[in-house]
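Summary of the model geometry
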Amino acid sequence: MADATTIHERLDIAMHAAQAARDAVGQVIIGQQAVVEQTLIALFSGGHALLTGVPGLGKTRLVETLGVVLGLASQRIQFTPDLMPSDILGSEVLDDTPEGRRFRFIPGPVFTELLMADEINRASPRTQSALLQAMAEGHVAVAGSNRPVSTPFHVLATQNPLEQEGTYPLPEAQLDRFLLDIRIDYPSAEDERAMLIATTGTTRATPLQVMTAAELLEAQRLVRAMPIGASVVDAILGLVRGARPESPSLPELRNDLSWGPGPRAAQALMLAVRARALLDNRLAPSVDDVAALAAPALRHRMSLTFTARAAGQDLDSLIQRLVAQL
């Protein structure tokens, strides 16, 4: 009973911190509530997120704000075709010392707590794979030595869905490493009006720190400790397994899907629905959380056949049809 009481008290503290973080981000980022929520869900789940949207929608501003609000050391990398793995990971240099010449490691920007990978699909596959190792394994190999990255370590990567000339589409293996694929749309007329007024005056809203890296790690541990009902687990399994062409929940999808989500998609949903409950001051997730996070958790882990794309189908509408079966 004492352990249960302690966890309940820790959850209550984490819920208040999560709400304070969302409110603090909302003071700087006007509108885009769903984007802010999903990005916080990815961070509170301990994962990485891919932010997809046209230029000028505040992706960079969002990541900068999150770094300040959550108390995370942050770095930004502008990905370009000539970017090399050493530009991300770091390199060894030869120094003259009183004891003779020795190699000294200069860490790259990947050794931070919150890394913004801006326009990640502009880098070559070789450079993308260097970042993939850090995301997947929590360490990087430089000059024959494995060097751990920081804890916590999160990658928020951006890409422009329109300008594809000179880009290198992310391979499926790297896409699968992102907990959520978050789509950023144009703001509403009301939000855009408020944005114009707030960003073109003499003062500019500045983010305030409301959490620390240690508090974020504690929240991530509590997310994993949150109870989850059998009905929610069944909904996650039904959704993920039903999105595979080998065993579709809708028979007509057998010819529409090239490949579907693997077990990592179900793991992502298990964590994300708990984090969403935490942000909403609830002690356990529900099936509604599964429905709300189905698209960002699945859309980058599925592919339509050429015939389905030619017929004008898109993944988000297909996922909604699967969600309707829950």
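Up top you'll find the structure we're talking about.
A brief look at the structure comes next. Everything numeric in this text was worked out from a predicted model, so none of it was measured. (Residues numbered from 1 in each chain as written. Predicted model: local features only at pLDDT ≥ 70, side-chain atom pairs only at ≥ 80, totals over all residues. Heavy atoms only, no water.)

This part covers the overall build of the chain. Regarding its fold elements, the chain presents 13 helices and 11 strands. The C-alpha radius of gyration of the chain comes to 21 Å, within 12% of the 20 Å expected for a compact globule of 326 residues. With the C-alpha coordinates of the chain rotated into their principal frame, the extents come out at 70 × 50 × 50 Å. Residues counted as buried form 48% of the 326 residues belonging to the chain. Long-range contacts, defined as pairs at least 24 residues apart, comprise 76% of the intrachain contacts of the chain with a sequence gap of at least 6. Summed over its atoms, the accessible surface of the chain is roughly 15,700 Å², and 53% of this surface lies on carbon and sulfur atoms. Here the chain holds 28 positive side-chain charges and 36 negative ones, and the gap between their average locations is 3 Å. (Helix = DSSP H or I, 4+ residues; strand = E, 2+ residues; numbered from the N terminus. Rg over C-alpha atoms; globule rule 2.2 N^0.38 Å. Buried < 20%, exposed > 50% of the residue type's maximum accessible area, 1.4 Å probe, protein only. Contact = heavy atoms within 4.5 Å. Areas by Shrake-Rupley, 256 points an atom, 1.4 Å probe, with all protein chains shown as cover. Lys, Arg positive; Asp, Glu negative; His and termini not counted. Charge placed at Lys NZ, Arg CZ, Asp CG, Glu CD.)

Turning to the pairing of strand S7 (residues 145-148), a few remarks are in order. The pairing of strand S6 (residues 139-142) with S7 spans four bridges and is antiparallel. Within the sheet, the bridge partner assigned to Ala141 lies in S7 and is Asn146. As consecutive antiparallel partners, S6 and S7 are separated by two residues, and within that stretch Ala143 has a phi angle of approximately 55 degrees, a positive value. (Pairing = 2+ DSSP bridges.)

A separate point is the pattern of salt bridges. A side chain with one charge can pair with a side chain of the opposite charge if their charged atoms come near. According to the stated counting rule, one finds 16 salt bridges in the structure shown. A salt bridge links Asp181 to Arg183, with the shortest nitrogen-to-oxygen separation between them at 2.9 Å. Look at Arg183 and you get partly exposed, because its relative accessible area is 38%. With a shortest N-O distance of 3.2 Å, Asp280 and Arg282 are connected by a salt bridge. With relative accessibility at 29%, the residue Asp280 sits in the partly exposed group. Given a relative accessible area of 26%, Arg282 falls into the partly exposed group. Salt bridges sharing partners connect three or more residues here, namely Arg22, Glu37, Arg276, Asp280, Arg282 and Asp289. (Salt bridge = Lys/Arg side-chain N within 4 Å of Asp/Glu carboxyl O.)

Here we take up the sheet that holds strand S5 (residues 114-118). Taking strand neighbours across the sheet as the criterion, the five strands line up as S2-S5-S8-S1-S9 in an open arrangement whose pairing is parallel. Looking at the sheet topology across the chains shown, the edges are occupied by strand S2 (74-78) and strand S9 (180-183). Strand-to-strand, the axes of this sheet are offset by a mean angle of 20 degrees, without reference to chain direction. The pairing of S2 with S5 spans five bridges and is classified as parallel. Each bridged residue has a counterpart across the sheet, and for Ser74 the counterpart in S5 is Leu114. Sheet strands touched by helix H3 (residues 59-69): strand S1 (49-52), S2, S5 and strand S8 (154-159). Its angle to S5, the strand with the most contacts, is close to 170 degrees. (Axes fitted to C-alpha atoms, helices over the stretch in contact; angles between N-to-C directions.)

With that settled, the discussion passes to unusual backbone geometry. Along the chain, Thr151 connects to Pro152 via a cis peptide bond; the corresponding omega equals 0 degrees. Tracing the backbone through its elements, the reader meets Pro152 in the loop between S7 and S8. Within the chain, Gln32 stands out as a residue other than glycine whose phi angle is a positive 55 degrees. Within the secondary structure, Gln32 is located in the loop between helix H1 (2-26) and helix H2 (33-44). The residue Glu119 is not glycine, and still its phi comes out positive at about 55 degrees. Along the polypeptide, Glu119 turns up in the loop between S5 and helix H5 (125-137). Residue Glu119 is classed as partly exposed on the basis of its relative accessible area, which comes to 23%.

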